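Take a look at the letters that make up each chain.
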Amino acid sequence: MPSTEGRVRLAELLASMSLATDLATGQSLGHGIRTCLIAVAIGEEMGCDPADLRSIFQVSLLRFLGCTADASETAERVGGDEIGFNARMATTLNGSSWQSIKGLMASVGTAAPLGRRGRLLVETLSDLGGASDGLTAHCEVAARLAGRLGLDDRVVFALEHAYERWDGKGYPAGLEGEEVPLEIRVCSVARDVDLLAGVDPDLPGSVRRRRGKAYDPSVVDSWLRIRGLHVEADWELLLAAEPEPVAYAKDITTTLTALADFVDLKSPWLRGHSREVARLAHAAGRAAGLDTQELGSLEHAALLHDVGRVGVESGIWDKPGSLSVDEWEKVRLHPYLTQRIVSRSPALARHAETASSHHERIDGTGYHRQTAGDQISKPARILAAADVLAALTSSRPHRPAYDADDAFRILRDEAAADHLHRDAVDFVVLAAGGAASPARSANPGGLTDREVEVLRHVSAGLTNRQIADKLFISPKTVGRHVENIYVKIGVSTRAAAAVFAMENALLQ
């Protein structure tokens, strides 16, 4: 059954997250949902109990929740389009080493000039360890975000080991056999079955060839018994497949904030952006006289507004120069992708119009609908102004951050040109002047002020050498700070450190 008044099915929110990971990994919308349905069917055939099935259900929807952790690094390594790269490499994840190398040779730098493509390919093949580091970051980030959703330790542990294989050749820990979490053993087969269905004329043979290698033999045998199963990415079928008792979200704002952090990991230039937009929009909405329900809806729309960004390659968001016509068209597409994801869930659909209108403009020159004037709702006008201000006061690859006074001036110029609504701009400027984050009595995690400073630069994607140049200290000293930071906050990758920084409002 769908969500009831005042309560939101957790499955709906997890399914929405899976739609976002579909976009980020270059898969068709609904791939994660289909994987979940196949995984649950396999689990039932294996005789799994309800607790097993519930865990399989949740993990299969969230398995790629860390996929934005190294998006920028991957984009740089493969020529700019990590989404296309991920899509082309998807079927090699559980294949042989030779299949992975063949996939790399066919996937790296496909849009780059021949000479540059050759260099990228040589660099990628000589640094395969970088790929394993990226998968480790995926696992750590996914587990951290899942923990914030209130999911149990079993789910978190499975996500910590999302890329393990039956034969011990997986990541991050090289677990083998039944050491690999049951959820991952089942999801690995279910995910590949959905990927290969319709494109592999010998799907059963392909699955059998991975039996005892990447795949748990008992999972393969269970799937072979039900291989005639046909599933579609149907929302009601997904909800019906959730094992009893039905789980409800403990706090929808917390869940949507986790989704916002997943989105903002897409680029080091964007980290903390969605949180800041939500903070500004909420404060501006209060100044504008919105009631409690309207304020909550505006905050949720703000947390969701950029989810479509994950469907545009990081090479575009990170580009320091001017965008080409084709690149601009992709940028203009991201609010539409936001609308598609948010509108799929009945629990979130009421936020879809506001969330996807943050680039609409009063004079009709915005995107993606090119709505104008009173066609743009009051909350959407506030969200648009908050989005612009948050962007102006943050550094971007093509410019440094503006100080507050200059940002306010640009915002008012936009209102004078009938791009942004004048009242909305006034409310957002007012909010920015009086909505500062509360001062901390102590830094989170016991970090020193210098460590917080280093963490900010780490979250922005700077190397130890670059951080050293900014802080006038040696790279070795930066390295010691980074090691201390990791120990204090309990992470092992830069992506997870960035999530910690966003969680604790250290980037504003």
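Residues numbered from 1 in each chain as written. Predicted model: local features only at pLDDT ≥ 70, side-chain atom pairs only at ≥ 80, totals over all residues. Heavy atoms only, no water.

Trainee: If you had to explain the packing of aromatic side chains to someone new, which residues and values would you point to?
Mentor: Scanning the entire structure with this criterion turns up one aromatic pair. For the cation-ring pair, R7 lies above Y248, with the distance from its terminal atom to the ring centre recorded as 3.7 Å. Over the ring of W317 we find R309; its NZ or CZ atom is 4.3 Å from the centre of that ring. (Phe/Tyr/Trp six-rings, centres within 6.5 Å; stacked < 30°, edge-to-face > 60°. Lys NZ or Arg CZ within 6 Å of the ring centre and 35° of its normal.)

Trainee: Let's hear about the pattern of salt bridges: which residues, and what values?
Mentor: In this structure the tally under the stated criterion is 26 salt bridges. Across the pair R369 and E360 runs a salt bridge, and its minimum N-O distance is 4.0 Å. For R369, a relative accessible area of 28% corresponds to the partly exposed category. Here E360 falls in the buried class, since its relative accessible area comes to 2%. In this structure, R409 and D413 form a salt bridge, with 3.7 Å as the shortest nitrogen-oxygen distance. Taken together, the residues R409 and D413, both in helix α21 (residues 404-416) and four residues apart, mark about one turn of the helix. Owing to a relative accessible area of 43%, D413 belongs among the partly exposed residues under this scheme. Here the salt bridges share partners, and the residues they tie into one network are R144, R148, D261, R275 and E503. (Salt bridge = Lys/Arg side-chain N within 4 Å of Asp/Glu carboxyl O. Buried < 20%, exposed > 50% of the residue type's maximum accessible area, 1.4 Å probe, protein only. Helix = DSSP H or I, 4+ residues; strand = E, 2+ residues; numbered from the N terminus.)

Trainee: So what about the environment of G212? Which residues, and what values?
Mentor: The residue G212 is located in the loop between α11 (203-209) and α12 (217-225) in this model. Residue class for G212 comes out partly exposed when judged on its relative accessible area of 35%. For the pair G212 and L506, spaced 294 residues apart in sequence, the C-alpha to C-alpha distance is 46 Å. Here G212 is in contact with W166, D167 and P217, once residues within four sequence places are set aside. (Contact = heavy atoms within 4.5 Å.)

Trainee: If you had to explain the packing of helix α5 (residues 82-89) against helix α6 (residues 97-107) to someone new, which residues and values would you point to?
Mentor: It is at 9 Å that the axes of α5 and α6 come closest, and there the two elements cross at 145 degrees. Regarding α5 and α6, the two cross each other, and that crossing is right-handed. Residues F85, R88 and M89 of α5 lie in contact with α6, whose contacting residues are S100, G103, L104, A106 and S107. (Axes fitted to C-alpha atoms, helices over the stretch in contact; angles between N-to-C directions. Left-handed = near helix turned anticlockwise from the far one by under 90°.)

Trainee: Describe helix α10 (residues 182-196), and please don't skip the residues or the numbers.
Mentor: Spanning 15 residues, α10 covers 22 Å between terminal C-alpha atoms, matching the ideal 21 Å at 1.5 Å per step. By the criterion of burial, α10 is predominantly enclosed, with 15 of the 15 residues buried. Within two residues after α10, G198 carries a phi angle of roughly 90 degrees, on the positive side. (Expected span 1.5 Å × (residues − 1).)

Trainee: Tell me about unusual backbone geometry, and please be specific about residues and values.
Mentor: Peptide bonds are, in most cases, trans, and in most cases residues other than glycine have a negative phi. Note that the residue after Y171, namely P172, is joined by a cis bond; omega there is 10 degrees. Following the sequence through the fold, P172 ends up in the loop between α9 (153-160) and α10. Of note in this structure, A505 is not a glycine but carries a positive phi near 55 degrees. With respect to the helices and strands, A505 occurs in the segment after α26 (494-503).

Trainee: Would you mind going over helix α2 (residues 31-45) in detail, with residue names and values included?
Mentor: When the terminal C-alpha atoms of α2 are compared, their 21 Å separation across 15 residues agrees well with the 21 Å that a helix rising 1.5 Å per residue should span. With respect to burial, α2 is a largely interior element, 13 of its 15 residues being buried.

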